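Coordinate analysis (summary)
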Amino acid sequence: MSVKTSAPWQRLSSEELEERVRAALAENASYRDRDEPVLGVPGTVLDRRVFYDAPFLEHAPFLSCMLENPNHIGCHTLGLSEPIFPGTQALEVEVVRVCAEELLGADPGTVDGYVATGGTEANIQALWVFRNRFRERYGVTSEQVVVLHSEDTHYSIHKACDLLGLTPATLPVDPATRALQLGPLREAVAAAQRRGPVCFAVVLNLGTTMFGSVDRLDPVLEVLEAAQARYEVHVDAAFGGFIYPLTHPANPLSLRRPEVSSFTLDAHKMLQAPYGTGVYLVRKGYLASVCTQEASYVRGHDYTLCGSRSGANAVAVWLILHAYGPEGGREFLAQLLARTERLCAGLDARRVAYFREPHMNVVALRAEDVPPAAARRFHLVPDDHHAPRWWKVVVMDHVDDELIERFLAAW
Ligand SMILES: Cc1ncc(COP(=O)(O)O)c(C=O)c1O
């Protein structure tokens, strides 16, 4: 059983961070240990010819954890877990708790989750869980699960529909506000209901990929309730999950809302973690519908899409969260937002049209206003490489005032 902790999310010194990871690794079994040898798994320390030990690693908790190479297969917030890596699994359980409870306001102990390979996996996992749950509860087929989402939704939702045999329903947004249009939503719900039995998997965005726009929950719920629809709501916060809840404390799209069942966050975006650090969160009870009983060699079975996964990546997320703490996180993000505002003020002064969601660090510029040479030179990302209508700037840590000034000088 994984160790559960209710320590509040706080900033730790670098010595404390090192000490916590050292203690977690000491609690794990080590492939190097001759007294308690590990013989039964196809895993070992990272190849020593390539990833050699060095004295500085003693003070590099993430890298030393990578060398030890713990496998976090399975889900550690429920039931049993593999007995080899309980120390680092417990740090992952803390990551899930901090994200669910401290960032997104869930009640204590009500959410399961794990560190996935990224936002794509977490979104596929979310729709896999909903599909199986709908099938069990209402006897619908995969096709009878309609996935309602806006046209600004990430393409991983289309991947998920393809893989899981679900029916996608892509809804238009208002071109100026990027808000989901309710008329087409009503029509899509009614049309699906006319075809026969149906359940709706609703995907809302807490920060769309191109615009950083945030979908509103209540108008969507009103439509579904008025239609007496059966539905579940997943929030894709891959882009905004580690920024918006801290920059906008009144964030209306959170686990405080009982209608929201699951969340995707990506630590390898705004949290500056290594790639391979998506976070999937789901209400307790839901994962039962994706328990793979055939995973009989895994203690506690497997509830995840990916199987084996890096324990070091989960530790990386834990380290970043605790290197900042909530206050440090807010201070860091306030700087990003201040720079985003300076960029917007510069665009206003030059009469360049753009979309920006308040509290977010994304600015989408109308393509006709952007000199093509500047788009290329500054590696802006278009909505569509073949026919760009928008180019986006994401104000990350390295996008400092000097770079913003240089960019603005293109007009
Ligand atoms: C909103 C949103 N969801 C999901 C994803 C997919 O994330 P990943 O590339 O980590 O799989 C992205 C990536 O940009 C995203 O912006």
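Residues numbered from 1 in each chain as written. Predicted model: local features only at pLDDT ≥ 70, side-chain atom pairs only at ≥ 80, totals over all residues.

1. Notes on the domain arrangement of the protein chain
The condition that has to hold: These domain limits were set by an automatic method or by a database of domain assignments. The contact criterion used is a C-beta to C-beta distance within 7 Å, with each C-beta placed from the backbone.
The domains assigned to the protein chain are domain 1 (89-95 + 111-287) and domain 2 (326-408). The gap between the C-alpha centroids of domain 1 and domain 2 is 26 Å. The interface of domain 1 with domain 2 comprises 14 residues on the first partner and 15 residues on the second.

2. Observations regarding the sheet that holds strand E3 (residues 167-171)
Put simply, the test is: Should DSSP find at least two bridges between two strands, the strands are regarded as paired. For helices the rule is a DSSP run of H or I covering at least 4 residues; for strands it is a run of E covering at least 2, with both sets numbered from the N terminus onward. As a rule, the C-alpha atoms of each element are fitted with a line to give its axis, helices using only the stretch in contact, and angles between N-to-C directions run from 0 to 180 degrees.
Pairing is mixed across the open sheet formed by seven strands, whose spatial order is E1-E7-E6-E5-E4-E2-E3. Both outer strands of the open sheet, strand E1 (111-116) and E3, are each paired with one neighbouring strand and no more. When the angles between neighbouring strand axes are averaged without regard to direction, this sheet yields 20 degrees. With six bridges joining them, strand E4 (residues 199-205) and strand E5 (residues 231-237) adopt parallel strand pairing. Looking across to E5, one finds that Asn-205 is bridged to Asp-236. Against the sheet, helix H3 (residues 86-103) contacts E1, strand E6 (260-266) and strand E7 (278-283), and its axis sits at roughly 115 degrees relative to E1.

3. Thoughts on the site of the ligand
We apply this condition: In this analysis, residues qualify as near a molecule or strand once their C-beta atom, positioned from backbone atoms, comes within 6 Å of it. Note on residue classes: Ala, Val, Leu, Ile, Met, Phe, Trp, Tyr, Cys and Pro are nonpolar, Asp, Glu, Lys and Arg are charged, and everything else, Gly too, is polar.
Neighbouring residues of the ligand: 14 residues in total, closest Gly-118, Gly-119, Thr-120, Thr-209 and Ala-238. Sort the elements by how many residues they give to the shell around the ligand and helix H4 (residues 119-138) lands first, with three residues. Of the residues belonging to the shell around the ligand, the class tally is two nonpolar, 10 polar and two charged.

4. Describing the environment of Glu-368
Just so we agree on the cut-off: Around each residue's C-beta, the other C-beta atoms within 10 Å are counted; 20 or more make the residue buried, 12 or fewer make it exposed, and counts in between make it partly exposed. All C-beta atoms are placed from the backbone.
Residue placement: Glu-368 occurs in the loop between strand E9 (362-366) and helix H10 (372-377). You can call Glu-368 exposed: it has 10 C-beta atoms within 10 Å. Sequence separation of Glu-368 and Trp-391 is 23 residues, and the distance between their C-alpha atoms is 9.6 Å.

5. Thoughts on the nonpolar core
Where we set the bar: A set of buried residues drawn from Ala, Val, Leu, Ile, Met, Phe, Trp, Tyr and Cys, joined through C-beta atoms within 7 Å, is what defines a nonpolar core.
Counting 107 residues, the largest nonpolar core has Val-95, Cys-99, Val-147, Val-279 and Val-317 as its most contacted members. With 12 residues, helix H9 (residues 311-349) is the largest single contributor of residues to this core. Here this core spans two domains, and each of domain 1 (89-95 + 111-287) and domain 2 (326-408) adds at least three residues to it. Every residue in contact with Val-279, bar those within four places of it in the chain, is listed here: Val-95, Cys-99, Gly-113, Val-115, Ala-116, Ala-122, Leu-265 and Ala-267.

6. Here we look at the packing of helix H2 (residues 61-68) against H9
Applied cut-off: Any angle from 65 to 115 degrees is called roughly perpendicular, while one under 35 is roughly parallel, one over 145 is roughly antiparallel, and all others are oblique. The handedness criterion is simple: a crossing whose near helix is rotated anticlockwise from the far helix by less than a right angle is left-handed, and one whose near helix is rotated clockwise is right-handed.
Here H2 crosses H9 at 165 degrees, and the two axes come no closer than 8 Å. On the basis of the axis angle, H2 is roughly antiparallel to H9. With respect to the hand of their crossing, H2 and H9 are arranged in right-handed fashion. Mapping the contact onto sequence places Pro-61, Phe-62, Cys-65 and Met-66 in H2 and Gly-311, Ala-312, Val-315, Ala-316 and Leu-319 in H9. For the contact of H2 with H9, the class distribution of residues is eight nonpolar, one polar and no charged.

7. Remarks on the sheet that holds strand E10 (residues 381-382)
Read across the open sheet, the four strands follow the order E8-E9-E11-E10; overall the sheet is antiparallel. Each end of this open sheet is capped by a strand with a single partner; those strands are strand E8 (354-355) and E10. Of the strand pairs in this sheet, E10 and strand E11 (residues 390-394) are connected by two bridges, and their pairing is antiparallel. For Pro-382, the partnering residue across the bridge sits in E11 and is Trp-391. Across the sheet, H9 touches E8, E9 and E11, and the angle it forms with E9 is around 20 degrees.

8. Regarding H4
This is how it is decided: How far a helix is expected to stretch is found by multiplying one less than its residue total by 1.5 Å.
The first and last C-alpha atoms of H4 sit 28 Å apart over 20 residues, in line with the 28 Å expected at 1.5 Å per residue. In terms of burial, H4 is largely enclosed, as 14 of its 20 residues are buried. Just past H4, the residue Gly-139 takes up positive phi, approximately 65 degrees.

9. Quick notes on unusual backbone geometry
At Gln-272, a position not held by glycine, the phi torsion is positive, near 60 degrees. In this structure, Gln-272 sits in the loop between E6 and E7. On the basis of neighbour count, Gln-272 is assigned to the partly exposed category, with 14 C-beta atoms found within 10 Å. Here Arg-351, not a glycine, exhibits a phi torsion of approximately 55 degrees, which is positive. By the secondary structure assignment, Arg-351 is in the loop between H9 and E8. The exposure class assigned to Arg-351 is exposed, which follows from the 8 C-beta atoms found within 10 Å.

10. Remarks on the packing of H3 against H9
One can describe the packing of H3 onto H9 by two numbers: an axis separation of 9 Å at closest approach and a directional angle of 50 degrees. Viewed along their axes, H3 and H9 adopt a mutual orientation that is oblique. Our pair here, H3 against H9, has a crossing hand that is left-handed. On H9, the residues that touch Thr-88, Leu-91, Glu-92, Glu-94, Val-95, Val-98 and Glu-102 of H3 are Gly-311, Ala-314, Val-315, Val-317, Trp-318, Leu-321 and Pro-326. Residues belonging to the contact of H3 with H9 are distributed by class as follows: nine nonpolar, two polar and three charged.

11. Here's the deal with the pairing of E1
With six of six residues buried, E1 is to be regarded as a mostly interior element. As defined by bridge partners, E1 adjoins E7 across six bridges and the pair is classed as antiparallel. Considered in E7, the bridge of Ala-116 is made with Gly-278.

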